[in-house]
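Here are the chains, one letter per residue:
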Amino acid sequence: MNTLTPREIVSELDKYIVGQNQAKRMVAIALRNRWRRRQLDPELAEEIAPKNILMIGPTGVGKTEIARRLAKLAGSPFLKVEATKFTEVGYVGRDVESIVRDLMEIGVNLVRQEEEATVRVRAEATAEERLLDVLLPTKPLESAGVDYIGPESRAADSTREKLRQLWREGKLDDRLVEVEVQSSGGVQAMTIPGMEGMEMQMQDMLSKVFPKKKKTKKVRVRNAYEILIQSECERLIDMDKVHEIARERVQESGIVFLDEIDKICGGGGSSGKADVSREGVQRDLLPIVEGSTVNTKYGMVRTDHILFIAAGAFHMSKPSDLVPELQGRFPLRVELSALTRDDFYRILTEPKNALTVQYKALLGTESVDIVYTDEALNEIARFAQKINEETENIGARRLYTIMEKIVADLSFEAPDMDGATVTIDRDYVAHALQDVQENRDLTRYIL
């Protein structure tokens, strides 16, 4: 379990997300409370439920990114799901229990990757031996399990070591060899909308009755090595243990991000039938959020201690439009503020994954060096704020369209500009955005 303090968690989030300090503090406390709960007596710990969070704010201000980065920090299984997936009436909409099943799949993959990392060194050593067996086939007696003792035995060992040396030096990478791989074909269970759980169990049962067939495939040595490593990892990993660890991690530290929750609210002047449908979805979500047991193909999973973070813009509705029971399950509420010109400037300069850094690195692969002036970044920030005010406010996502427009010509010409240095200054930005600045209609369509 992650042992970062709330201050350290906020500091880590600051590396990627600008502003929104109140929201960062709230999620940092929620994460730390999980660690605190683990230190308690099990009997008392069972009684302490997570304090679910409701984030309110316009699109593109960092709601999803905060939740995603938080899960990454904690090494927790994380699932982002749109609440609108469940709005369809009847048999067409997805079963809300699929949230827990999907989260469990993510948890299993997460733990499996961790286990793979621990056994990879052993798997690589065995895979190398198996690869040498393919490159230098053994004698019939040896392949039958009988030790061969004779004058050629030492010569074979010498040849094997020479091959090992050539393989490690990369001189055999392009040679073709035949290896056994699992056939991708298999018996597929029929998909029935709204019955994903039963479908998964049927698929699991059929896979046991009809095990995967193996086929021989001709591949290059370097690819064969990776296939053999994967095969060895599968043999070394105890999947029952992986499922057990994953189930515990999902139950104790899983995070579900319910986006667009405002779209399943009543209000907003919509028809009565639609309101009934939305309220039905809220009531379906309620048991999952307040704590229930869901049947998955990896066993029963309890949702009592999964942290739910809901988010919505709430333009057409308000949090009080949610059914009272669901409102009560999201006791912590935080409003994220709209981004200002200063925020846009900081987004372009401060985060480790800033757009300016990304474009510099991308064009650096073509040996083109980009230099941004401070005036240019200020102009981009000013323009982003202006467009957001005059058209739809889509927050930081506006910077994607503006930056792409600015570097579009440069990206096209880059392969023919080997070794060039390009300075993006205020004039460069103004010229790139000139046509959309002059034409209001064009601004609406392009940016």
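Residues numbered from 1 in each chain as written. Predicted model: local features only at pLDDT ≥ 70, side-chain atom pairs only at ≥ 80, totals over all residues. Heavy atoms only, no water.

## Topic: the overall build of the protein
For the record, the criterion: Each helix is a run of H or I in the DSSP string that is no shorter than four residues. Each strand is a run of E no shorter than two, and both are numbered from the N terminus. Exposure is judged per residue with a 1.4 Å probe applied to protein chains only, and the accessible area is read against the type maximum: over 50% gives exposed, under 20% gives buried, and values in between give partly exposed. Contact definition: two residues touch when any of their heavy atoms are within 4.5 Å. Computed with a 1.4 Å probe, the accessible areas rest on the Shrake-Rupley method; for each residue, only the protein chains presented here act as cover.
Summing up its helical and strand segments, the protein has 19 helices and 11 strands in all. Per-residue burial over the protein gives 40% buried out of 447 residues. Partitioning the intrachain contacts of the protein with sequence separation of at least 6 by distance along the chain shows that 79% fall at a separation of at least 24. Carbon and sulfur atoms make up 51% of the accessible area of the protein, which totals about 24600 Å².

## What about the pattern of salt bridges?
Cut-off, in case you're wondering: Each salt bridge in this description consists of a side-chain nitrogen of Lys or Arg and a carboxyl oxygen of Asp or Glu lying within 4 Å of one another.
Following the criterion strictly, the structure yields 34 salt bridges and no others. Notably, a salt bridge pairs Arg164 with Glu128, separated by 3.0 Å at the nearest N-O pair. Of the two residues, Arg164 is situated in helix H7 (residues 153–168) and Glu128 in helix H5 (residues 98–135); the sequence distance between them amounts to 36 residues. The partner of Asp304 in a salt bridge is Arg302, and the shortest N-O contact between them spans 3.5 Å.

## Re the pairing of strand E6 (residues 293–296)
Put simply, the rule reads: DSSP calls a pair of strands paired once it identifies at least 2 bridges connecting them.
Residues of E6 alternate between two faces, with Val294 and Thr296 buried on one and Thr293 and Asn295 left unburied on the opposite face. Where E6 and strand E7 (residues 299–302) come together, 4 bridges link them in antiparallel fashion. Note that in E7 the partner of Val294 across the bridge is Val301. Taking the residues between adjacent antiparallel strands as the criterion, E6 and E7 are bridged by 2 residues.

## Some words on helix H1 (residues 6–14)
Cut-off, in case you're wondering: By definition, the arc is the one covered by directions from the helix axis to the C-beta atoms.
Among the residues making up H1, those that are buried are Ile9, Val10 and Leu13. The buried residues of H1 all sit within an arc of 100° when viewed along its axis, so they share a single face. Contacts made by the buried residues of H1 are with helix H2 (21–38) and helix H4 (63–74).

## Observations concerning the packing of aromatic side chains
Which entries qualify depends on this criterion: Stacked, tilted and edge-to-face pairs are distinguished by plane angle, under 30 degrees for stacked and over 60 for edge-to-face with tilted covering the rest, among Phe, Tyr and Trp rings (Trp via its six-membered ring) whose centres lie within 6.5 Å. Geometrically, a lysine NZ or arginine CZ counts as sitting over a ring once it is within 6 Å of the ring centre and also within 35 degrees of the ring normal.
What the rule picks out here adds up to 0 aromatic pairs. Between Arg32 and the ring centre of Trp35, over which it is positioned, the NZ or CZ distance is 4.0 Å. Positioned above the aromatic ring of Tyr16 is the side chain of Arg69, whose terminal nitrogen or guanidinium carbon lies 3.8 Å from the ring centre.

## Points about a nonpolar patch on the surface
Where we set the bar: Any residue with relative accessible area above 30% and no salt bridge may belong to a patch, with like charges joined within 9 Å and the nonpolar Val, Leu, Ile, Met, Phe, Trp and Tyr side chains within 5 Å.
There is a patch of nonpolar side chains on the surface, built from Leu40, Leu44 and Ile48 and spanning about 220 Å² of accessible area. Tracing the backbone through its elements, the reader meets Leu44 in helix H3 (residues 42–45). Overall, the relative accessible area of 47% leaves Leu44 in the partly exposed class.

## Focus: the environment of Tyr225
With respect to the element layout, Tyr225 can be found in helix H9 (residues 221–236). Taking C-alpha positions, Tyr225 is 6.4 Å from Ala127, a pair spaced 98 residues apart along the chain. Beyond its immediate stretch of four places on either side in the chain, Tyr225 contacts Glu124, Ala127, Glu128, Leu131 and Trp167.

## A word on the confidence of the model for the protein
To keep it simple, the criterion reads: Think of pLDDT as the predictor's per-residue confidence, scored from 0 to 100.
Per-chain confidence: the protein averages 82 in pLDDT, with 81% of residues scoring 70 or above. Throughout residues 140–144 the model reports pLDDT below 50, and contacts reaching past four residues in sequence, or to other chains, amount to 4 contacts.

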